[in-house]
2 protein chains.
Amino acid sequence: MTTIVQEGAAAEAVERSIRIIKEKDAAIGAWVYFDPRRARQVAEDVDARFADGPLYGVPVGIKDIFDTNDMPTAYGSSIYAGHHPGRDAALVAQLRQSGAVVMGKTATTEFASPYPARTRNPHNLGHSPGGSSSGSAAAVASGMLPLALGSQTLGSIIRPASYCGVYGFKPSHGRISRAGVLTLSDTLDTIGALGKSVAILETFYRHITGDQRIVTFSSRKPPRLAYCEAPGWEQTTQAARDAFDRAIAKFRSKGLNIQKLVLPEAFLHLVDAGFTVHDYELYRNFSADRLGHWDGLSEKFKEIMRRGAKVSTSQHEDALGIAAWCRDEFAKLMGDFDAVITLSATDEAPEGLDTTGSPAVNVAWTLLRGPCLSLPSLIGAQGLPIGLQLCSPQSTDSSLLACANWLDRG
Amino acid sequence: MTTIVQEGAAAEAVERSIRIIKEKDAAIGAWVYFDPRRARQVAEDVDARFADGPLYGVPVGIKDIFDTNDMPTAYGSSIYAGHHPGRDAALVAQLRQSGAVVMGKTATTEFASPYPARTRNPHNLGHSPGGSSSGSAAAVASGMLPLALGSQTLGSIIRPASYCGVYGFKPSHGRISRAGVLTLSDTLDTIGALGKSVAILETFYRHITGDQRIVTFSSRKPPRLAYCEAPGWEQTTQAARDAFDRAIAKFRSKGLNIQKLVLPEAFLHLVDAGFTVHDYELYRNFSADRLGHWDGLSEKFKEIMRRGAKVSTSQHEDALGIAAWCRDEFAKLMGDFDAVITLSATDEAPEGLDTTGSPAVNVAWTLLRGPCLSLPSLIGAQGLPIGLQLCSPQSTDSSLLACANWLDRG
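Calculation notes
- Residues numbered from 1 in each chain as written.
- Chains lettered and ligands numbered in written order.
- Predicted model: local features only at pLDDT ≥ 70, side-chain atom pairs only at ≥ 80, totals over all residues.
- Helix = DSSP H or I, 4+ residues; strand = E, 2+ residues; numbered from the N terminus.
- Buried ≥ 20, exposed ≤ 12 C-beta atoms within 10 Å, placed from the backbone.
- Contact = placed C-beta atoms within 7 Å.
- Pairing = 2+ DSSP bridges.
- Right-handed = clockwise from strand over helix to strand, strands pointing away.
- Domains from an automatic or database assignment.
- Nonpolar A, V, L, I, M, F, W, Y, C, P; charged D, E, K, R; others polar.
- Axes fitted to C-alpha atoms, helices over the stretch in contact; angles between N-to-C directions.
- Least-squares fit on C-alpha atoms with pLDDT ≥ 70 in both.
- Parallel < 35°, antiparallel > 145°, perpendicular 65-115°, else oblique.
- Left-handed = near helix turned anticlockwise from the far one by under 90°.

### Digging into the overall build of chain A
The number of helices and strands found in chain A is 13 helices and 11 strands. The 410 residues of chain A split such that 61% are buried. Considering only residue pairs separated by 6 or more positions, chain A has 79% of its internal contacts joining residues 24 or more positions apart.

### A word on the pairing of strand E3 (residues 101–106) of chain A
All names here are of chain A. Among the six residues that make up E3, six are buried, leaving the element largely enclosed by the rest of the structure. Of the pairings in the sheet, the one linking strand E2 (residues 59–63) to E3 comprises five bridges and is parallel in character. Its bridge partner lying in E3, Gly-61 is registered against Gly-104. As a crossover connection, the stretch from E2 through helix H3 (residues 90–97) into E3 is right-handed.

### Thoughts on the domain arrangement of chain A
Residue and element names in this part refer to chain A. Per the domain assignment, the segments of chain A are domain 1 (9–209) and domain 2 (225–269 + 312–409). Summarising the inter-unit geometry, the C-alpha centres of domain 1 and domain 2 are found 23 Å apart. Taken together, the 39 residues of domain 1 in the interface contact 38 residues of domain 2. Every element with two or more residues in the side of domain 1 that touches domain 2 is listed here: helix H5 (158–164), strand E5 (167–170) and helix H6 (198–209). Counting residues per element, the side of domain 1 that touches domain 2 draws most heavily on H5, at five residues. Of the residues that constitute the side of domain 1 that touches domain 2, the class distribution is 14 nonpolar, 20 polar and five charged.

### Concerning the sheet that holds strand E2 (residues 59–63) of chain B
All names here are of chain B. Taken together, the 11 strands give an open sheet; going across it, the order is E1-E3-E2-E4-E6-E5-E10-E11-E9-E7-E8, and neighbouring strands pair in mixed fashion. Each end of this open sheet is capped by a strand with a single partner; those strands are strand E1 (31–34) and strand E8 (258–260). The sheet shows a mean angle of 30° between the axes of neighbouring strands, taken without regard to direction. Of the strand pairs in this sheet, E1 and strand E3 (residues 101–106) are connected by three bridges, and their pairing is antiparallel. Residue pairing in the sheet places Phe-34 in a bridge with Gly-104 of E3.

### Examining the relation of the copies chain B and chain A
In screw terms, the move from chain B to chain A is a rotation of 180° and a rise of 0.0 Å along the axis, fitting with an RMSD of 0.0 Å. What the rotation and shift describe, once combined, is the action of a two-fold rotation axis. In terms of C-alpha distance to the rotation axis, chain B has B:Pro85 as its closest residue, with the C-alpha 2.5 Å off the axis. A share of 100% of the interface residues of chain B reappears at the interface of chain A, consistent with the copies meeting face to face through the same patch.

### Here we look at unusual backbone geometry
Between A:Gly131 and the following residue, A:Ser132, the backbone shows a cis peptide bond with an omega angle of 5°. Tracing the sequence through the fold places A:Ser132 in the loop between E3 and helix H4 (134–141). Phi is positive for A:Ser395, which is not a glycine, with a value near 70°. Mapped onto the secondary structure, A:Ser395 falls in the loop between strand E11 (385–391) and helix H13 (397–409). Its identity is not glycine, yet B:Ala112 carries a phi of approximately 55°, on the positive side. Mapped onto the elements, B:Ala112 comes out in the loop between E3 and helix H4 (134–141). In this structure B:Ala112 comes out as buried when scored by C-beta crowding, with 30 C-beta atoms within 10 Å.

### Here we look at the interface of chain B and chain A
Contacts between the two partners involve 31 residues from chain B and, on the opposite side, 32 residues from chain A. Breaking the side of chain B that touches chain A down by element, the ones donating at least two residues are helix H3 (90–97), helix H8 (269–285), helix H9 (287–292) and helix H11 (313–333) of chain B. Along the lines of polarity and charge, the residues of the side of chain B that touches chain A split into six nonpolar, 17 polar and eight charged.

### Concerning the environment of A:Val198
All names here are of chain A. Of note, Val-198 is situated in helix H6. Classification of Val-198 by C-beta neighbours within 10 Å gives buried; the count is 21. Sequence separation between Val-198 and Tyr-167 is 31 residues; the distance between their C-alpha atoms is 6.6 Å. Ignoring any residue separated from it by four or fewer positions in sequence, one finds Val-198 in contact with Tyr-167, Leu-401, Ala-404, Asn-405 and Asp-408.

### Description of H4(B)
Among all positions of H4(B), only B:Ser134, B:Gly135, B:Ser136, B:Ala137, B:Ala138, B:Ala139, B:Val140 and B:Ala141 are buried. Where H4(B) ends, the next residue or the one after it, B:Gly143, has phi of about 80°, a positive value.

### So, the packing of H6(A) against H13(A)
Residue and element names in this part refer to chain A. It is at 10 Å that the axes of H6 and H13 come closest, and there the two elements cross at 165°. Here H6 lies roughly antiparallel to H13, going by the angle between them. When the axes of H6 and H13 are compared, the crossing they make is left-handed. Two secondary-structure elements touch here, H6 through Val-198, Glu-202 and Tyr-205 and H13 through Asp-397, Leu-401, Ala-404, Asn-405 and Asp-408.

### Quick notes on the pairing of strand E9 (residues 339–343) of chain A
Residues and elements named next belong to chain A. The buried fraction of E9 is high, at five of five residues. As paired elements, strand E7 (residues 225–227) and E9 share three bridges and run parallel to each other. Across the sheet, residue Tyr-227 finds its bridge partner in E9, namely Ile-341. The pairing of E9 with E11 spans four bridges and is classified as antiparallel. Bridge pairing in E11 links Ile-341 to Leu-390.

### Some points on the sheet that holds strand E8 (residues 258–260) of chain A
Residue and element names in this part refer to chain A. The 11 strands lie next to each other as E1-E3-E2-E4-E6-E5-E10-E11-E9-E7-E8, forming an open sheet whose pairing is mixed. The open sheet has two edge strands with one neighbour each: strand E1 (31–34) and E8. Neighbour-to-neighbour, the strand axes of the sheet open up by a mean angle of 30°, direction not taken into account.

### Examining the environment of A:Ser287
With respect to the secondary-structure elements, A:Ser287 resides in helix H9 (residues 287–292). Residue A:Ser287 is classed as buried on the basis of its C-beta count, with 24 C-beta atoms lying within 10 Å. Along the chain, A:Ser287 and A:His173 lie 114 residues apart, while their C-alpha atoms are 24 Å from each other. If we skip the residues at most four places from it in the chain, A:Ser287 touches B:Ala90, B:Ala93, B:Gln94 and B:Ser177.

### Side note on the environment of B:Cys228
All names here are of chain B. Relative to the helices and strands, Cys-228 is located in the loop between strand E7 (225–227) and helix H7 (238–253). Judged by the 19 C-beta atoms lying within 10 Å of it, Cys-228 is partly exposed. Those residues in contact with Cys-228 that sit more than four places away from it in its chain are Leu-261, Val-262, Leu-263, Val-340 and Thr-342.

Here is the structure:
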């Protein structure tokens, strides 16, 4: 008896994914674990078990800092090559139950930190895809997948989404479970996804969180929009700022009322505060690795450990205090607006694979804990994509998604 | 050639521990993994590598929700019997580096939740030791160890410390790394320890966190103390309240100025808010287990999952909002006080091993995120211990430890 692959929606979608992965991944390097035979089996199982469901048949890539029960999880580190954590991350289990097809593990930078993965930017193979969700961004950008998991501690969802010209969504901090995901910083780590459209990111968000508070805008009740220079703006390039100005002008020429928002000066401290929190918490959370496997760490990661060792408890507390103050202020400021628009990255993707670029314009928003969404909108000086970043206060995810839909259709 | 165990401080302390464990653990059941041969090897290694250090030679028990690289980690669940997570929790790695001797794994309730471990209370084997840090509390109480790790999501450090008549310290939320510890609730999970004295808990806290801001009180500058009825007070027994009143009266008779603090009415909502947050977050964080291993869960744990499924995103957000408001209020209220004293538990340890008792008077403080310390002080109607719980706002750990020292010596 031969097994006949059922021609269901999952099997069909997975075959398409497999074809594109086989065609493109040798050049791009988005995957660290991918077994087409296993993917086909999962698709067959999904077609047999799930008649429908919001994510039925959607092939999904899992960033390799999410634990998986049936695939290795190496956290982008040679220390954990072939590591089997023995339990699915909560989100992976939720995806399996949703009818999505878990395809394999996408490349992450070392411990979701600056040391790059071997992934290349699908728009120009000589450029970085950004990080740390490098493989997830590149896989979506090259059409291998409609959806892939990401996580953001500084700028690890929004920046690669920007560089790769895909949609990226970092929901409010704490809204999606981090159980079974590598811990970098409890204060900052936020789970989200990269996708081919706002629609798939919204479907993902609503199914996983159960948040069904739909916000709708119409021409009679359009979103109240602002734009601003994100903290870290001094690190953006002139080309990126010019592209940003043109985009705002274009929205306005279409009749959108977008007001300029000037953030309080205290917000400028959020970038440093974010790095202080990051370094302090990573130093402690990676104790097993810095104490047990120092030689297995990259020089870039060792540098974080050295910096983290120097941050005192009171410096950490002060940074958390600045963040808490700014969160309250941001909620008040945004009483008049549904979303504020800024740049998703300081520039287009950097050339070479030595760096994954700068998270300078992302750090403040991650620390503010509200939702952020990157829309692929702008083109940089070298013709590579740059995203527009939409931000709003914590727990306003539904309204931010509605703003993104509005602008994206516009 | 025979190996001669070096007669260092670690070897000596470990031999003493092994002797007491062998003598008592058959009756008490504090351990789920303990291998005396391995403990001796570790002690030998510690004696060879560490000349001193704050925790040099201290035998430490590891609650079995902390991942260990070289011992199984079962999270108190038959689903994970023999599970090897393949990486040390950050705190375990820090302990190994401190010169402490990691002795083995102490019993936890199922997933650090209500379903009991098989541990018995050393003061009366017919009674519960409390939970979820059941084995850690019982091991310290029976003299097997001077120090053992705990974690608290509702009342899992302070309550077993109270029932077992040992000291328990839950530092401020986020101060000790949770990396590699089973996630129940990011909002609530807090790492701490149970010990035979305030001194060892303070040594542990300072070494692990690096927080060296010492606060000292003197007869010229005594701590400013208050007492209060904790939210959940209606669940305390008359006998516990009487013992509490006598303790406050006794402190006063010694000349201590302890004022009554009446908490704002809004604080009464903290208990329900804590359970709302708990149920919502556990439902999501245990997705891998509820979706993949439903039959392996206890009825008590299934009940949490059923409750959690019914909590909406907005109910969760509202509960977090109440917590945030009360945190600010508590910090203001405590401007005049260094610590507020209340009961550590609703009563002495309950009879039988079917329940680990109620966390009613702990939940609010866990949600407030400040440090809590239990001093073994009172005696209940059946002659079993009850603790006095000292609480203060987030990031005032040093001052709370100084208050505990002051009262304990008093």
